[in-house]
Amino acid sequence: MKIGVIGGGAAGFFAAIHASGAGRDVTIFEKSPKLLSKVKVSGGGRCNVTHRPMEISKLVKNYPRGEKFLKKVFSKFKSEDTITWFESRGVPLKIEGDGRMFPISDSSQSVIDALLKEAQKLKITILKSCGVKSITHIENQYKLETDSGFFVVDKLIIASGGHPKIDNYSFLNNLNHSVLDPIPSLFTFNTPKESIKELMGLSVTDGIVKIEGTKLNYRGPVLVTHWGVSGPAVLKLSAFGAQWLKDQNYIATALINWNGEFGEQQYNAHIKSYILAHPNRKVESNTLFDIPGRLWEHFTRLSGIENGQLYGSLSKKQINKLVQNLFCYNLKVEGKTTFKEEFVTAGGISLSEVNPETLESKFHPNLYFAGEVLNIDGITGGFNFQAAWSTGFLAGIASSKNQHGTNLS
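A quick note: this is a predicted structure, and the numbers were derived from the prediction, not measured.

(A) Focus on the overall build of the protein chain. Check the secondary structure of the protein chain and you find 12 helices and 20 strands. Reported as C-alpha extents along the three principal axes, the dimensions of the protein chain are approximately 85 × 40 × 35 Å. A total of 409 residues make up the protein chain; the buried ones form 51% of that total. Only carbon and sulfur atoms are counted for the fraction: they give 50% of the accessible area of the protein chain, which is about 18200 Å².

(B) Highlighting the packing of aromatic side chains. Taken as a whole and assessed by the stated rule, the structure comprises 22 aromatic pairs. With centroids separated by 4.5 Å and ring planes inclined at 25 degrees, the aromatic side chains of F77 and F393 adopt a geometry described as stacked. Taken together, the residues span a long stretch of sequence, with F77 in the loop between α4 (67-74) and α5 (79-87) and F393 in helix α12 (residues 383-399) at a distance of 316 residues. There is no split in this pair, since F77 and F393 are both buried. Look at Y218 and F240: their rings are 5.9 Å apart centre to centre, the planes differ by 25 degrees, and that puts the pair in the stacked class. Here Y218 is found in strand β14 (residues 217-224), whereas its partner F240 is found in helix α7 (residues 232-240), with 22 residues between them in sequence. For F240, a relative accessible area of 32% translates into the label partly exposed. Put simply, the rings of F14, F77, W85, F86, F385, W389 and F393 touch in pairs and so form one group of aromatic residues. Here the basic side chain of R46 rests over the ring of F102, its NZ or CZ set 3.7 Å away from the ring centre. Taking NZ or CZ as reference, K336 lies 4.9 Å from the ring centre of Y250, over its face.

(C) Structural detail: the nonpolar core. Ranked by size, the top nonpolar core spans 120 residues in total, and within it L115, I135, I158, F189, W258 and W389 carry the most contacts. The biggest single contributor to this core is α12, with 9 residues. In contact with W389, not counting residues within four places along its chain, are A10, F14, V49, F77, T82, F86, V111 and L115.

(D) Seen up close, the pattern of salt bridges. Under the defined criterion, the tally for this structure stands at 16 salt bridges. The shortest N-O distance in the salt bridge between K94 and D106 comes to 2.9 Å. With K94 in strand β4 (residues 93-95) and D106 in the loop between β5 (100-103) and α6 (108-121), this pair connects stretches of sequence that are 12 residues apart. Judged by its relative accessible area of 25%, K94 falls in the partly exposed class. In this structure D106 comes out as partly exposed when scored by relative accessible area, which is 32%. A salt bridge links K121 to E118, with the nearest nitrogen and oxygen atoms 3.6 Å apart. Of this pair, K121 and E118 both sit in helix α6, separated by 3 residues, roughly a single helical turn. Salt bridges here are not isolated pairs; linked through shared partners, they connect R46, K94, E96, D98, R100 and D106.

(E) Main features of the pairing of strand β1 (residues 2-6). Most of β1 is tucked away: 4 of the 5 residues are buried. Sheet topology places β1 next to strand β2 (residues 25-29); 5 bridges connect them, and they run parallel. The partner of K2 across the bridge, within β2, is D25. Running through helix α1 (residues 10-19), the crossover from β1 to the neighbouring parallel element β2 is right-handed. Of the pairings in the sheet, the one linking β1 to strand β10 (residues 155-158) comprises 4 bridges and is parallel in character. By the bridge assignment for β10, V5 is matched with I157.

(F) Broad picture of the side chain of E30. Looking at the secondary structure, you find E30 in the loop between β2 and α2 (37-45). One buried charged side chain, E30, makes no salt bridge at all; its nearest oppositely charged neighbour is K31, positioned 6.7 Å away. Polar side-chain contacts of E30 include one of 2.6 Å to the backbone nitrogen of G8. Setting aside chain neighbours within four positions, we find E30 in contact with G7, G8, G9, L35, L127, K128, S129, C130 and G131.

(G) Structural detail: unusual backbone geometry. Backbone geometry at D106 places phi at a positive 55 degrees, although glycine is not the residue there. The phi dihedral of S129 is positive, around 50 degrees, even though this residue is not glycine. Considering the arrangement of structural elements, one finds S129 in the loop between β6 (125-127) and β7 (132-138).

Calculation rules
Residues numbered from 1 in each chain as written. Predicted model: local features only at pLDDT ≥ 70, side-chain atom pairs only at ≥ 80, totals over all residues. Heavy atoms only, no water. Helix = DSSP H or I, 4+ residues; strand = E, 2+ residues; numbered from the N terminus. Buried < 20%, exposed > 50% of the residue type's maximum accessible area, 1.4 Å probe, protein only. Areas by Shrake-Rupley, 256 points an atom, 1.4 Å probe, with all protein chains shown as cover. Phe/Tyr/Trp six-rings, centres within 6.5 Å; stacked < 30°, edge-to-face > 60°. Lys NZ or Arg CZ within 6 Å of the ring centre and 35° of its normal. Core = buried A, V, L, I, M, F, W, Y, C linked by side-chain atoms within 4.5 Å. Contact = heavy atoms within 4.5 Å. Salt bridge = Lys/Arg side-chain N within 4 Å of Asp/Glu carboxyl O. Pairing = 2+ DSSP bridges. Right-handed = clockwise from strand over helix to strand, strands pointing away. Lys, Arg positive; Asp, Glu negative; His and termini not counted. Polar contact = N/O pair within 3.5 Å; in protein donor to acceptor, adjacent residues only side chain to side chain.

What is shown is where atoms sit, not what they do.
Structure, rendered in structure tokens:
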């Protein structure tokens, strides 16, 4: 039995590995000359393999698209299974403070080597620079037109990843599946007209970022960059607000609370308490609320506080302005920046057309989907890779069975 896998990324390799075994001839078709390129660059070259194990009901909340679908997928293969699989193949993992899990080696090459070694052991054929141009379902087989000629397979797994343009999905046209328009997910906010850009490199560990006029908000680290604001809070917010922000042409107002432990009243009370205790201290050089020094100076200037002004001389108006800058800092967003190597897209194959128990197409027998080609995307923290491993596993296992649902081996 010949099984074809389109895509040499995380989901494609995992699907191919789990489709392999006695009586199965598995081939990976990868359009680029490189394999596992996203694995290579992810997490700054460390590869955020998965996230600390959690209950499935909590795990699925980290996916702006695909939550209900993934409940069934994760019931078959979840974070614990990913950890076991890689550690049993010589890639021990470690948990960082925010729950992300990386190889102890701190190198994505460890993950790549494990996948390549497993593929080699299972004698999986890998064809690089072999993009698929079209797919035709003929009776019980699939005919692939590729850059290297025509191939016929009995079963086909499509794990071609997410793409920024709908045209990149044209090779699926003959299958008559619905492809939802791809839109960027996980991007930073550009603020070209805001002075805060001058403070690039500064960050806070526990901010809250909201989008004015919506219920969208996220808490976590916030980073000031030379183009605007980034960091986990912004990236996660962009994922949940991907469609809304696209509809607004990426023009919006972000509201930032620079220390999530404090509300408006708490800021006010703490400042007044500090004034009573230290009236003769200079405001600009005595920062509060774990705010970096230069950022604090920025807030004091915006609040009309003069150089050298003492806490005891602050007017009610100055205190109120300072509180507003700390609690509800207005930032005009005009555009976005996506990470080219690590881009994540919302959109792709409609989940209503795929069986979540097997990842099989509801239109065509023996056709499966895995990874980001599906309309599934997660926030940062290892969630996108976990979806890739889980969907790849299910698609691979399901494709390795015959029509009666039994393993050929």
